[in-house]
Amino acid sequence: MFLKRSKEEIILLMLCGLSIPSILPFGIIRILQNNWLLATVDLLIVAGMLCIMLFVWRTRRVRFAGIAVTVFYSLGMLAAVYIKGLAIVYWVYPTMIAAFFILRANEALMINSVSLVCLIGILFRSMSVLDLSSIVVTLVLINLFAAIFSHRTNLQHSELNQQAEKDFLTGVGNRRAFDRKLHEICADDHSDVNACLLILDLDHFKKVNDQFGHPVGDQVLINFCSLLRGRIRAIDSLFRYGGEEFVVLAMGADHINGARFAEELRALVEKTELLRDYPVTVSIGIAKKLPGEDTDTWFQRADSMLYAAKLSGRNAVRMDQSPHADSAGGAGVSPLLAGSSSG
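About the criteria used
Residues numbered from 1 in each chain as written. Predicted model: local features only at pLDDT ≥ 70, side-chain atom pairs only at ≥ 80, totals over all residues. Heavy atoms only, no water. Helix = DSSP H or I, 4+ residues; strand = E, 2+ residues; numbered from the N terminus. Expected span 1.5 Å × (residues − 1). Contact = heavy atoms within 4.5 Å. Buried < 20%, exposed > 50% of the residue type's maximum accessible area, 1.4 Å probe, protein only. Axes fitted to C-alpha atoms, helices over the stretch in contact; angles between N-to-C directions. Parallel < 35°, antiparallel > 145°, perpendicular 65-115°, else oblique. Nonpolar A, V, L, I, M, F, W, Y, C, P; charged D, E, K, R; others polar. Salt bridge = Lys/Arg side-chain N within 4 Å of Asp/Glu carboxyl O. Pairing = 2+ DSSP bridges.

Engineer: Mind laying out helix H5 (residues 105-123), listing which residues take part and the relevant values?
Structural biologist: Helix length check: H5, at 19 residues, gives a terminal C-alpha distance of 26 Å against a target of 27 Å (1.5 Å per residue), a fit within 8%. In this fold, the buried residues of H5 make contact with helix H3 (62-84), helix H4 (92-102) and helix H6 (129-164).

Engineer: An account of helix H10 (residues 255-271) is requested, with residue identities and associated values reported.
Structural biologist: In this model H10 runs 24 Å from its N-terminal to its C-terminal C-alpha over 17 residues, within 8% of the 24 Å that 1.5 Å per residue would give. Considered for burial, the residues of H10 that qualify are His255, Gly258, Ala259, Phe261, Ala262, Leu265, Arg266, Leu268 and Val269. Buried residues along H10 sit against strand E1 (195-202), helix H9 (214-229), strand E3 (245-251), strand E4 (282-288) and strand E5 (317-319).

Engineer: Before we move on, can you summarise the packing of helix H8 (residues 205-212) against H9 with the specific residues and values?
Structural biologist: Contact geometry for H8 and H9: axes closest at 7 Å, N-to-C directions at 140 degrees. It follows that H8 is oblique to H9 by the angle criterion. Contacts between H8 and H9 involve Phe205, Val208, Asn209 and Phe212 from the first element and His214, Val216, Gly217, Val220 and Leu221 from the second. For the contact of H8 with H9, the per-class residue count stands at six nonpolar, three polar and no charged.

Engineer: A description of the pattern of salt bridges should follow, citing residues and the corresponding values.
Structural biologist: For side chains bearing opposite charge, pairing can occur when the charged atoms are close. The final tally for this structure, using the stated rule, is 17 salt bridges. Of the charged contacts, one joins Lys310 and Asp203 as a salt bridge, the two residues approaching to 3.0 Å between their closest N and O atoms. Taken together, the positions of Lys310 in helix H11 (residues 295-311) and Asp203 in the loop between E1 and H8 put the pair 107 residues apart, joining distant regions of the chain. Relative accessible area serves as the criterion here: at 7%, Asp203 is assigned to the buried category. Taken together, the salt bridges that share partners define one network made up of Arg63, Arg104 and Glu107.

Engineer: With reference to specific residues and values, describe the pairing of strand E2 (residues 237-242).
Structural biologist: Most of E2 sits out of view: five of its six residues are buried. Two elements, E2 and E3, share five bridges in a ladder whose sense is antiparallel. Residue Arg240 lies in a different strand from E3, and its bridge partner there is Phe246. Between the antiparallel neighbours E2 and E3 lie two residues, among them Gly243 with a positive phi of about 60 degrees.

Engineer: Break down the pairing of E4 for me, with residues and values.
Structural biologist: Most of E4 is tucked away: seven of the seven residues are buried. Where burial is concerned, the two faces of E4 agree: the one with Val282, Ile284, Ile286 and Lys288 and the one with Ser283, Gly285 and Ala287 are both buried. One ladder, built from seven bridges, connects E1 with E4; its direction is antiparallel. The partner of Leu198 across the bridge, within E4, is Ile286. In this sheet, E5 lies alongside E4 in parallel orientation, the contact comprising three bridges. Paired with Ile286 across the strands is Met319, a residue of E5.

Structure (structure tokens):
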């Protein structure tokens, strides 16, 4: 089974893979010409790229490998220029540009700036000031243009990610954003975090669409999300899971606080006129995260509580009371919320 590679891994593997067939022929030719010093530099670069490729392929650790590639490639370029002189200076350009594909813009600028200072020291005595200045100016411009392009690309990537994780109608997080957040919480280093998962479903919402039309139904959903966003805390997250079903992740909430929070949301929706002269209510299922629990199990427990709230007559809150919870009570529906339903 092949693991899916990240874009960072793919870029790094491709750059290393392209470097090997680009440099290896020169190493072979220089061996045939008995130019052992330059051939050694070329072959060391090839061997280094091959080792880094294998390292990334086996460990998937691109951060260290990216810095190693850039530093190693820059040292090889400087060594080649030092040995061969001006005749090989054109290798500086692709070397510096490649750094921006591998590293963050500020890191690439830092390494390239050090390389540029070293390059000036190498070429200072073998070139006129005017010719050296031309090379330096073009390299500075290339680095600036590459940094601007890298920054702009990162901004666009960030904006696209934000748009891809927002529900187009309500502006809250969508299911993709919810799945990512849930996996973050359930990661190994967050296994004991305090958090409650609330699944909210607007009661009889199909009747709203059938009676008033979908545009009115969409406005109810927008009003509903605006109402919730005005109540939840900055550390909480609101997502549209699908249709009229929403999810709130209440961080730092234990069973008691999570139950009270859910009941507040239910009562807030009940007393707010989301649709003129038409009552809109919500049913809520809630489950607190258990240590070591995976995303599917946690969500299924909250979903089963939502189903229990619906069966109880809707406009209700039901909470899973696990036997491993930190509050009193046995397994099943929390007795604290048995009277929440208004029918």
